[in-house]
Amino acid sequence: TNLTEHPAAATNAGQSSQDSLFIEVPETTLRGSDIVVPAFLVARYLSSVDDEGKAYISQTEKPAIEINFYDSIKAAEASGLALITNLQYLALAQNVCETAANWTSGIVGEGKIRQGLHNDTVDEVQPNDYESTDPDECRWFVLSTGERVYDVAGHLYSWVRADIEGDPETGLVNTP
């Protein structure tokens, strides 16, 4: 699950570094709309969950799997964090797509965008520091800020809070 710093705790936006477990996604106007997603901090790696049910970020451990939406929310909140929202994930994806380093040609819109672990070279969850021997399976992506974020595509699915078509608190879709 991708985690963000809880909105109430996100006062240190802009203080990310290559050593930090959280990185800033800059303010983004979503293409084809007038929707502005404010800058936010997102976990560099997918989260793990400890024996007490608290989410945490580790560069070397395996991310949590087989965890449902509601338990993901509880694990994040127990650590003072929050699940990423639909709008935040769209902003993250747009930033990745608009960064040349994430394209096979090195030019935005030319060639293919990298897809992370996707060629069936692994058959189970991998630790966050795992690197595939397949050169087509680079699992990190570069943001416009130069920061790296891992597993935005490929490897595992992520829960997100429904803030576009649903209720972010319940996860239920409430509009067509």
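Scroll up to find the structure.
Quantities reported herein were computed from a predicted structural model and do not represent experimental measurements.

Things to note about helix α1 (residues 69-78)
Three or four residues apart is the spacing at which side chains of an α-helix point the same way, because the helix has 3.6 residues per turn.
Alright, step 1. The set of residues buried in α1 consists of Phe-69, Ser-72, Ile-73, Ala-75 and Ala-76. The buried residues of α1 occupy one face: seen down the axis, they fall within an arc of 165°.
Alright, step 2. With a side-chain oxygen lying 3.0 Å from the backbone nitrogen of Tyr-70, the N-terminal cap of α1 falls on Asn-68.

Focus on helix α2 (residues 86-97)
Alright, step 1. For α2, built from 12 residues, the straight-helix expectation of 16 Å at 1.5 Å per residue is met to within 8% by its first-to-last C-alpha distance of 16 Å.
Alright, step 2. Burial analysis of α2 places 9 of its 12 residues in the buried class, the great majority of the element.
Alright, step 3. What α2 keeps buried is the set Asn-86, Leu-87, Gln-88, Tyr-89, Ala-91, Leu-92, Gln-94, Asn-95 and Val-96.

Comments concerning the environment of Asp-71
Alright, step 1. Its location among the elements puts Asp-71 in helix α1.
Alright, step 2. With relative accessibility at 36%, the residue Asp-71 sits in the partly exposed group.
Alright, step 3. Placed 17 residues apart in sequence, Asp-71 and Lys-54 show a C-alpha to C-alpha distance of 9.7 Å.

Description of the nonpolar core
Alright, step 1. By size, the foremost hydrophobic cluster in this structure holds 16 residues, and its most contacted members are Phe-40, Leu-92, Leu-143, Val-149 and Val-152.
Alright, step 2. Of all the secondary structure elements, the ones that give two or more residues to this core are β2 (22-25), β5 (40-43) and α2.
Alright, step 3. Looking at this core, the element that brings in the most residues is α2, giving 5 residues.
Alright, step 4. The next biggest cluster of nonpolar side chains, apart from the first, holds 8 residues, and it includes Leu-41, Ala-43, Tyr-45 and Tyr-150.

Topic: the pattern of salt bridges
One side chain can pair with another of opposite charge once the charged atoms of both are near each other.
Alright, step 1. The full count for this structure, using the stated rule, is 4 salt bridges.
Alright, step 2. Between Arg-31 and Glu-98 there is a salt bridge, with the nearest N and O atoms lying 2.7 Å from each other. Taken as a pair, Arg-31 in the loop between β3 (28-29) and β4 (36-37) and Glu-98 in the loop between α2 and β9 (140-142) lie far apart in primary sequence, 67 residues in all.
Alright, step 3. Salt-bridge contacts for Arg-139 lead to Asp-151; the nearest nitrogen and oxygen are separated by 2.6 Å.

The rules behind these values
- Residues numbered from 1 in each chain as written.
- Predicted model: local features only at pLDDT ≥ 70, side-chain atom pairs only at ≥ 80, totals over all residues.
- Heavy atoms only, no water.
- Buried < 20%, exposed > 50% of the residue type's maximum accessible area, 1.4 Å probe, protein only.
- Helix = DSSP H or I, 4+ residues; strand = E, 2+ residues; numbered from the N terminus.
- Arc of directions from axis to C-beta.
- Polar contact = N/O pair within 3.5 Å; in protein donor to acceptor, adjacent residues only side chain to side chain.
- Expected span 1.5 Å × (residues − 1).
- Core = buried A, V, L, I, M, F, W, Y, C linked by side-chain atoms within 4.5 Å.
- Salt bridge = Lys/Arg side-chain N within 4 Å of Asp/Glu carboxyl O.

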